[in-house]
Amino acid sequence: MADIEKQNPIALVTSELINDLRQIIDSARSHVAATANYEVTMMNWNIGNRINRDVLNYERAEYGQQIVSQVATQLQEEYGTKGFELRSIQRMMQFARLMPDSKIVSQLATKLSWSHFIEVLPLKEPLQREFYLTMAATERWGRNKLREKIDGMLFERTAIATKPEELIKSELANLRDNDVMTPDLVFKSPYFLEFTGLKGMYSEKSLEDSLVAHLEQFIMELGVGFSFVERQKRMIIDGEDYYLDLLFYHRKLHRLIAIDLKLGSFKAQYKGQMELYLRWLEKYEMQPGEETPLGLLLCTEGSDEQISLLQLDKSGIRVAQYLTELPSKEVLLRQLQKSIEAAKENY
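The rules behind each value
Residues numbered from 1 in each chain as written. Predicted model: local features only at pLDDT ≥ 70, side-chain atom pairs only at ≥ 80, totals over all residues. Heavy atoms only, no water. Helix = DSSP H or I, 4+ residues; strand = E, 2+ residues; numbered from the N terminus. Rg over C-alpha atoms; globule rule 2.2 N^0.38 Å. Buried < 20%, exposed > 50% of the residue type's maximum accessible area, 1.4 Å probe, protein only. Contact = heavy atoms within 4.5 Å. Salt bridge = Lys/Arg side-chain N within 4 Å of Asp/Glu carboxyl O. Phe/Tyr/Trp six-rings, centres within 6.5 Å; stacked < 30°, edge-to-face > 60°. Lys NZ or Arg CZ within 6 Å of the ring centre and 35° of its normal. Core = buried A, V, L, I, M, F, W, Y, C linked by side-chain atoms within 4.5 Å. Axes fitted to C-alpha atoms, helices over the stretch in contact; angles between N-to-C directions. Parallel < 35°, antiparallel > 145°, perpendicular 65-115°, else oblique. Left-handed = near helix turned anticlockwise from the far one by under 90°. Nonpolar A, V, L, I, M, F, W, Y, C, P; charged D, E, K, R; others polar. Lys, Arg positive; Asp, Glu negative; His and termini not counted. Polar contact = N/O pair within 3.5 Å; in protein donor to acceptor, adjacent residues only side chain to side chain.

K.L.:
Sorry if this is basic, but what is going on with the overall build of the protein here?
P.N.:
Broken down by element type, the protein carries 16 helices and 6 strands. Expected size for 347 residues packed as a compact globule is a radius of gyration near 20 Å; at 26 Å, the protein overshoots this value by more than 25%. Along the first, second and third principal axes, the C-alpha atoms of the protein reach 80 × 75 × 40 Å. By residue count, 40% of the 347 residues in the protein fall in the buried class. Here the analysis covers contacts within the protein between residues at least 6 apart in sequence; of these, 64% occur between residues at least 24 apart.

Printed below as a string of structure tokens:
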């Protein structure tokens with residue numbers, strides 16, 4: 001039977017032709033969908049921006065409301081009700097008001113749908129909206145994934161949130177314009193490790209075992225771009241064996257990422273241990289074209305003053321808290337906001 005199929009050139013040609021046609025159709029459909037998403041988003045922004053200009057000319061709010069209501073009614077009569085209801089028009093106005101930079105909107109609209117923009121409108125801070133949309137465009141999040149990241153307070157947990165506003169804007173613009181990802185956009189604190197199921201007292205080995213057992217979930221929490229390399233990486237230094245808990249590689253950063261797990265708060269001696277690991281990896285594992293390895297110390301508690309005094313960033317070391325049991329969202333948000341404010345004061 002196999003010999004007959006091999007001798008049937010028509011079947012082979014047809015199969016190859018169908019595969020090529022599938023690629024053409026799928027590519028065209030993707031392009032049409034992306035173009036349609038862009039046009040819808042920019043139309044909505046332009047509509048909202050144009051209405052806002054007229055409404056702002058009226059000091060009395062009721063005049064503005066009457067204009068918006070009349071505009072919605074007339075647009076529905078001419079173009080149908082879908083997409084031009086009063087609520088939809090008000091959302092377009094809110095969109096243009098909250099995101100006034102048409103250049104940023106246009107840039108993001110090439111990769112995101114209108115529904116992505118709707119998800120960030122309830123956020124209070126402009127930097128939050130810009131962060132989530134930029135990351136969604138870069139990492140190709142769907143709407144549900146974006147909502148999940150917002151609910152998980154990713155911005156507040158990401159290292160970039162502790163930096164000055166101008167630096168945040170600069171790094172986000174560089175990511176959009178040049179696809180340059182920085183460590184401040186990759187690392188975060190705390191990491192949510194509730195999927196390990198660990199509660200109360202447990203050992204570092206139990207934590208490591210659980211992270212490896214739930215490797216897919218751990219990588220999802222670390223973020224897009226992380227690839228697992230090795231567990232208990234052995235390093236022989238001066239005839240002694242040293243073992244790094246977990247070794248990863250980050251594709252966007254082009255670096256090895258050394259992760260060491262610690263129970264309790266950060267201690268100053270952890271710096272020397274991690275520096276040793278990083279210099280060994282740099283000498284024996286780093287490949288041509290890669291950047292120098294970075295270290296991540298995961299602790300149950302931070303020691304902010306020690307971390308600040310040791311200037312760990314200069315050594316390529318990050319310290320982050322991890323939580324195996326999550327407090328309420330309100331409590332966690334208060335803690336995060338307090339940490340962000342303290343970090344900005346000390347910057």
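K.L.:
Can you walk me through the pattern of salt bridges in this structure?
P.N.:
Note on pairing: side chains with opposite charge can pair once their charged atoms come close. Per the counting criterion, the structure on display carries 17 salt bridges. The residue glutamate 130 makes a salt bridge to arginine 176 at a minimum N-O spacing of 3.0 Å. Of this pair, glutamate 130 sits in helix H7 (residues 126-139) while arginine 176 sits in helix H10 (residues 165-178), placing them 46 residues apart in sequence. Assessed through its relative accessible area of 15%, arginine 176 is described here as buried. Close ionic contact of arginine 157 with glutamate 221 constitutes a salt bridge, the shortest N to O distance being 2.7 Å. Of this pair, arginine 157 sits in helix H9 (residues 154-157) while glutamate 221 is found in helix H13 (residues 215-222), placing the two residues 64 residues apart along the sequence.

K.L.:
Even after reading the chapter, I still don't get the environment of leucine 86, so can you show me in this structure?
P.N.:
With respect to the element layout, leucine 86 can be found in helix H4 (residues 86-98). Between the C-alpha atoms of leucine 86 and threonine 73, which are 13 residues apart in sequence, the distance is 7.7 Å. Sequence-distant contacts of leucine 86, defined by excluding residues within four places in its chain, comprise Val68, Ser69, Ala72 and Gln76.

K.L.:
Can you help me understand the packing of aromatic side chains in this one?
P.N.:
Think of a pair of aromatic rings as described by two things: how far the centres are apart, and how the planes are tilted against each other in angle. Evaluated as defined, the whole model comprises 10 aromatic pairs. Ring plane angle 75 degrees and centroid distance 5.2 Å describe the contact between phenylalanine 131 and tyrosine 132, whose orientation is recorded as edge-to-face. The exposure class assigned to phenylalanine 131 is buried, which follows from its relative accessible area of 0%. Through pairs of rings, three or more aromatic residues link up here, namely Phe218, Phe226, Phe228 and Phe248. If you follow arginine 157 out to its NZ or CZ, it ends over the ring of phenylalanine 192, 3.8 Å from the centre. The aromatic ring of tyrosine 270 is capped on one face by lysine 262, whose charged end is 4.6 Å from the ring centroid.

K.L.:
Would you take a moment to explain the nonpolar core for this structure?
P.N.:
Soluble globular proteins: nonpolar side chains tend toward being buried together. Membership of the largest hydrophobic core comes to 58 residues, with the highest contact counts inside it found for Phe117, Phe131, Tyr132, Tyr191, Phe218, Ile259 and Leu298. By residue number, the principal contributor to this core is H7, which donates 7 residues. Ranked by size, the runner-up nonpolar core spans 17 residues in total, among them Met235, Ile237, Phe266 and Trp280.

K.L.:
Quick question: what am I supposed to make of the packing of H7 against H10 here?
P.N.:
Any two packed helices are characterised by how steeply their axes cross, that is the angle between the axes, and by the distance between the axes. Where H7 contacts H10, the axes come no closer than 10 Å and their chain directions differ by 20 degrees. In terms of orientation, H7 lies roughly parallel with respect to H10. In the packing of H7 onto H10, the handedness of the crossing is left-handed. Contacts between H7 and H10 involve Leu127, Glu130, Phe131, Thr134, Met135 and Thr138 from the first element and Glu165, Ile168, Lys169, Leu172, Leu175 and Arg176 from the second. Of the residues in the contact of H7 with H10, the class split is 6 nonpolar, 2 polar and 4 charged.

K.L.:
When you look at the side chain of lysine 188 in this model, what are you seeing that I'm missing?
P.N.:
Assignment of secondary structure puts lysine 188 in the loop between helix H11 (183-186) and strand E1 (191-192). No salt bridge is formed by the buried lysine 188; its nearest oppositely charged neighbour, glutamate 221, is found at 4.5 Å. A distance of 2.4 Å separates a polar side-chain atom of lysine 188 from the backbone oxygen of glutamate 221. In this view, lysine 188 contacts Leu154, Arg157, Thr158, Ala159, Glu221, Leu222, Gly223 and Ala320; residues no more than four positions away in its chain are not counted.

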